[in-house]
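The residues making up each chain are set out below.
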Amino acid sequence: MPGSSPGMTALGNGFAMSNLQDLQSQILADIAAASDEAALEAVRVGALGKKGSVSALLATLGKMDPEQRKTEGAAINLAKDAINAALSARRDVLKAAALDARLAAETIDVTLPLREPLAEAGRIHPLSQVWDEVTTIFADMGFAVAEGPDIETDDYNFTKLNFPEGHPAREMHDTFYFNPKEDGSRLLLRTHTSPVQVRTMLSQKPPIRVICPGRTYRSDSDQTHTPMFHQVEGLVIDKGSRLGHLKWILHEFCKAFFEVDNVNMRFRPSFFPFTEPSLEVDIQCRRGKDEIRFGEGEDWLEILGCGMVHPNVLTACGLDPDVYQGFAWGMGIDRIAMLKYGMSDLRQLFEADARWLSHYGFKPLDVPTLAGGLSS
Ligand code: DAH
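Residues numbered from 1 in each chain as written. Predicted model: local features only at pLDDT ≥ 70, side-chain atom pairs only at ≥ 80, totals over all residues. Heavy atoms only, no water.

Trainee: So what exactly am I meant to see when it comes to the nonpolar core here?
Mentor: Most often, soluble globular proteins have nonpolar side chains that are buried together. Grouped together as the largest cluster of nonpolar side chains are 44 residues, with contacts concentrated most on F138, F253, I283 and W329. Those elements that provide at least two residues to this core are α6 (126-140), β5 (228-238), α10 (243-258), β7 (275-287), β9 (299-309), β10 (325-332) and α12 (333-341). One finds M201, V210, V309 and A328 within the second-largest nonpolar core, a separate group that totals 22 residues. (Core = buried A, V, L, I, M, F, W, Y, C linked by side-chain atoms within 4.5 Å. Buried < 20%, exposed > 50% of the residue type's maximum accessible area, 1.4 Å probe, protein only. Helix = DSSP H or I, 4+ residues; strand = E, 2+ residues; numbered from the N terminus.)

Structure below.
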């Protein structure tokens, strides 16, 4: 060969070949030792990448004479093929191992109970539920909701409602009074929601159709009385309002509220200073050991007081009783909640016992509607 001695060629070739074999076995060992795909990729780049050791050998081919290039080129390419095959075999093994590890780490125990989403974990108190049920039913009949303050004047709580000074009915209310002011007048915690009637008549022009749900207070505490309780008042004032309208409204209300097709009602004469005539309403029911059923049975249960608004009340509120008539009713929200949902002790409603609430409470996303069901 011109320009090169045969000895050198033999030596160079022999050296290059054993060098190549060493390199190949080193790379194959590195491939076998690569413990993950990133390590394997590093080995590949080190061997076959632009600046890799095998690529460097390939780059020397250009400087060789054709004979040498033929043998060495073939040898290097063989080595490259072997390395590529080893790389892809190892890659398959590592991929499979990575998948196995992931599958083992991400196992899901499908037998575990579902965890309730946080938004559904709380419970709506039965009183809030019943409050919503009552307003939903009356809203459907065209009633608006009116409100008044818990701290009232004696005038609105009693006098304008036709409780004369010194009348025994005042004493029956077990009123919580505040200390007298300098002028001798005393504020009080309202003993019923009826003062909201007064506020509504003074601030709105008839026709009036409102319900007034709210907190009320009396100094009384036993199984069926708590110092704070809830009432809902109803008031209708118009030119032709009659007792028949009142009866129809209450009948429709009871059917909707107790979610039965029919409820028999009994209207008994009674006395309230602010109505004339005054009536108390009982509904027919059957008392079982642990439950009450409405719409059947031989028992009667009192649920509310009502009547035609007394002419003195209309006059005190600036309305002419010869032009306007009206009717009103008042009932205990706590009481109808206990009846409907079978609770025995009124005081439990206010004890904030989480176990009691999780039993008697309602799911927060089940909003009562007439179309979708009040207590579904
Ligand atoms: N305010 C009465 C009470 O607390 C309940 C009541 C009775 C309200 C008759 C009314 C009514 O509006 O007409 O005992």
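Trainee: How do you make sense of the site of the ligand when you look at a structure like this?
Mentor: In the vicinity of the ligand, 15 residues are found, and the nearest of them are H192, S194, R218, Q231 and E233. Here S194 contributes a side-chain N or O atom positioned 3.0 Å from a nitrogen atom of the ligand. Between an oxygen atom of the ligand and a side-chain N or O atom of Q197, the distance comes to 3.0 Å. Compared with its free state, where it exposes 360 Å², the ligand has 91% of that area covered by protein. (Near = heavy atom within 4 Å. Polar contact = N/O pair within 3.5 Å; in protein donor to acceptor, adjacent residues only side chain to side chain. Areas by Shrake-Rupley, 256 points an atom, 1.4 Å probe, with all protein chains shown as cover.)

Trainee: Before we go on, may I ask you to explain the side chain of H230 in this structure?
Mentor: Along the chain, H230 turns up in strand β5. Judged by its relative accessible area of 7%, H230 is buried. Beyond its immediate stretch of four places on either side in the chain, H230 contacts L127, W131, G214, R215, T216, M331, G332, I333, D334 and F350. (Contact = heavy atoms within 4.5 Å.)

Trainee: What should I look at first to understand helix α2 (residues 37-48) in this one?
Mentor: In an α-helix there are 3.6 residues to a turn, and that puts residues three or four apart on one side. The end-to-end C-alpha distance of α2, which contains twelve residues, comes to 16 Å, matching closely the 16 Å that a straight helix rising 1.5 Å per residue would cover. Taken as a whole, α2 has its buried residues at L40, V43, A47 and L48. An end-on view of α2 places all buried positions within 100° of arc, on one side of the element. With respect to the buried face of α2, the exposed residues turned more than 90 degrees away are A38 and A42. (Expected span 1.5 Å × (residues − 1). Arc of directions from axis to C-beta.)

The quantities given are spatial measurements derived from coordinates; they are silent on function.
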